[in-house]
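# A structural walkthrough
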Amino acid sequence: MTSKTVTTAAEFTSLLSLENVRVYEVSARRRDGFDMKEIPVDGDSSDLHVQQALSNGEFIFRAQIELRGSKALIKVDVAAIFDLTTPVNKPTDQVLDDFAHEAGLPTIMPYLRVHVQQAARLIGVPAPLLKHYWGNELRQL
């Protein structure tokens, strides 16, 4: 069977079906009661990293976030697992970048948010907001 070449993120998205969301890590540490000097506090800060992989008829969009605040350190790592309805050649970097901003991050952010909120609640600290990852600011990531 010949693989299809996709030229836009919209075309690529139309060939995907979300099948599962896999959780790789959810962790939270309060800063009080521990020697947390090895983890510097530079105000409230966060890092978001994404990875994308296409293999064996599935596409995986994975996002990892680490939030460092004055009260806690929270890490969440989740992946959206998509089935491909049609075999495709590896999309160009531009198509994958557009997909990440237009579909990947909007799909995965609710899962990141809920796990961040649950982790914060479990250790008794206020849940940080992920508001800076929405809207036009997604293009800045």
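This text follows the structure it describes.
What comes next is a walk through the structure. Small disclaimer: the values here were computed from a predicted structure and weren't measured.

Turning next to the nonpolar core. Core analysis: the largest hydrophobic core is formed by 34 residues, its most contacted members being F12, F99 and L112. Secondary-structure elements contributing two or more residues to this core are α1 (9-14), β3 (58-68), β4 (72-84) and α2 (93-123). Once residues lying within four places of it in the same chain are set aside, the contact partners of F12 are V6, F59, L84, V88, P91, V95, L96 and F99.

If you walk across this open sheet you meet the 4 strands as β1-β4-β3-β2, and the pairing is antiparallel. Of all the strands in the sheet, just β1 (16-30) and β2 (45-55) have a single pairing partner and so form its edges. Direction aside, neighbouring strands of the sheet carry axes that sit 10 degrees apart on average. As judged from the 11 bridges shared by β3 and β4, these two strands associate in the antiparallel manner. Among the inter-strand pairings, F61 is bridged to a residue of β4, identified as A80. Packed onto the sheet, α2 meets β1, β2, β3 and β4 and runs at close to 135 degrees relative to β4.

A word on α2. With 31 residues, α2 extends only 39 Å from end C-alpha to end C-alpha; this falls clearly short of the ideal 45 Å at 1.5 Å per step. If you look at α2, its biggest bend is around 50 degrees, right at A100. Following α2 by one or two positions, G124 has its phi on the positive side, about 75 degrees.

Further remarks concern the packing of aromatic side chains. Considering all chains together, one arrives at 6 aromatic pairs under this definition. Between the aromatic rings of F12 and F59, the centroid separation amounts to 5.0 Å while the plane-to-plane angle is 85 degrees, which identifies the pairing as edge-to-face. Here F12, found in helix α1, pairs with F59, found in strand β3; they are 47 residues apart in sequence, far enough to count as distant. For the residue pair F12 and F59, the accessibility class agrees, reading buried in each case. Here F61 and F99 contribute two aromatic rings whose centre-to-centre distance is 6.0 Å and whose plane-to-plane angle is 70 degrees, an arrangement assigned as edge-to-face. Placement of F61 in strand β3 and of F99 in helix α2 is noted, with a sequence separation of 38 residues between them. F99 sits in the buried class, given a relative accessible area of 1%. What links up through ring pairs into an aromatic cluster is the set F12, F59, F61, F82 and F99.

Definitions and cut-offs
- Residues numbered from 1 in each chain as written.
- Predicted model: local features only at pLDDT ≥ 70, side-chain atom pairs only at ≥ 80, totals over all residues.
- Heavy atoms only, no water.
- Core = buried A, V, L, I, M, F, W, Y, C linked by side-chain atoms within 4.5 Å.
- Buried < 20%, exposed > 50% of the residue type's maximum accessible area, 1.4 Å probe, protein only.
- Helix = DSSP H or I, 4+ residues; strand = E, 2+ residues; numbered from the N terminus.
- Contact = heavy atoms within 4.5 Å.
- Pairing = 2+ DSSP bridges.
- Axes fitted to C-alpha atoms, helices over the stretch in contact; angles between N-to-C directions.
- Expected span 1.5 Å × (residues − 1).
- Bend = angle between axes of the 7 residues up to and from the residue.
- Phe/Tyr/Trp six-rings, centres within 6.5 Å; stacked < 30°, edge-to-face > 60°.

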